[in-house]
Amino acid sequence: MRLTSMHYTRLANSPLSSLTIISYPRLTTEQMLRKDQKTIHGQGTKVAVSAIYMDLEAFLQRSGLIADLRAFCQAHSYDVLVAMTILFNTNNEPVRQLAVFCPHVARRMTICGVLERSHAPSLKLTPLPSAHPDLQAYVQGNTQVSRKKLLPLLQEALSAYLDSTQIPAGLPDMVGVSREPVDKEGNSAGNSLLPGVSQDEEEPPLPPTPMNSLVDECPLDRGLPNLSAEAIFEKCSQISLSRSTAASLAKK
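Residues numbered from 1 in each chain as written. Predicted model: local features only at pLDDT ≥ 70, side-chain atom pairs only at ≥ 80, totals over all residues. Heavy atoms only, no water.

Visitor: Which residues make up the overall build of the chain, and what values do they have?
Guide: If you tally the helices and strands in the chain, you get 9 helices and 6 strands. A burial count over the chain gives 29% of its 252 residues as buried. Restricting to contacts in the chain with at least 6 residues of sequence separation, those with at least 24 account for 64%. By element, 56% of the accessible surface of the chain is carried by carbon and sulfur atoms, the whole surface being about 17500 Å². (Helix = DSSP H or I, 4+ residues; strand = E, 2+ residues; numbered from the N terminus. Buried < 20%, exposed > 50% of the residue type's maximum accessible area, 1.4 Å probe, protein only. Contact = heavy atoms within 4.5 Å. Areas by Shrake-Rupley, 256 points an atom, 1.4 Å probe, with all protein chains shown as cover.)

In structure tokens:
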């Protein structure tokens, strides 16, 4: 029998329903995770977001859960698994809980940090004790935030993780480079002793850049000169006068 949202509602309204909408007695952990799952990709990270209709504490107490979660992620190439549980209490009020499973410490801490500090919307997360370091569980105080609203927050978290792994602009990558001061004379001597390399074969130093007044300071850098009609007329008169003088001297 395939359960639909109508069956969940009936179970929630049942007097036997307390904090568990439905249990999965015959389903494996992978079947539970894949029953209602979304996948997002971003910044080289693949995240599975699964909705589970049972109490998170009961889900975490399943035998061999961590091994199942690890196998599930490895089988489907997931870097992060987010499990969102939803159920209704006896007052028909929704109860949401959330768990983040990720063996990579820095990635998990970044994602959890973004979710904990989110304000638009605010999840109002309260951490729950976890027996395994790769898993962080929460009670979600803001029950109005559904999985659809959580997905943009996860995308933001993935971007934050990518930013944290990049080298800041202007700083060279010093991985594997010695920070000891370099002795130029000793270094030159050492290069000359390398087999198959002589000082004559070394690349000569670049010549100094020649001084160029137009490059260093161009008169046009300060903008075009202010020209008036009077100045242009005076300049033309000077040119005409100089040409007349030159012509008269040539006739003599």
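Now that the structure has been shown, we can carry on.
Visitor: Requested: an account of helix α4 (residues 65-76), with residues and values cited.
Guide: An α-helix turns once per 3.6 residues; consequently, residues spaced three or four apart project the same way. Taking 1.5 Å of rise per residue, 12 residues should cover 16 Å, and α4 covers 17 Å from first to last C-alpha, within 8% of that figure. Turning to α4, its buried residues are Leu65, Ile66, Leu69, Phe72 and Cys73. When α4 is viewed along its axis, its buried side chains cluster within an angular range of 125 degrees and face the same direction. For α4, exposure combined with an orientation more than 90 degrees from the buried face picks out Gln74 and Ala75. Ser77 occupies a position one or two residues after α4 and carries a positive phi of about 60 degrees. (Expected span 1.5 Å × (residues − 1). Arc of directions from axis to C-beta.)

Visitor: Lay out the state of the cysteines with the relevant residues and their values.
Guide: Counted according to the given criterion, the structure contains 0 disulfides. Of all cysteine sulfurs in the structure, the one in Cys73 sits closest to Cys102, which takes part in no disulfide; the separation is 8.1 Å. Free of any disulfide, Cys112 has its nearest cysteine sulfur in Cys102, 8.4 Å distant. Look at Cys112 and you get buried, because its relative accessible area is 6%. (Disulfide = S-S within 2.5 Å.)

Visitor: Which residues make up the side chain of Ser118, and what are the values?
Guide: If you trace the backbone, Ser118 turns up in the loop between α5 (105-117) and β5 (125-128). For Ser118, the side chain forms a polar contact with the main-chain oxygen of Pro121, separated by 3.1 Å. Excluding its chain neighbours within four sequence positions, the residues that come into contact with Ser118 are Leu123 and Leu153. (Polar contact = N/O pair within 3.5 Å; in protein donor to acceptor, adjacent residues only side chain to side chain.)

Don't take any of this as a statement about function, it's just geometry.
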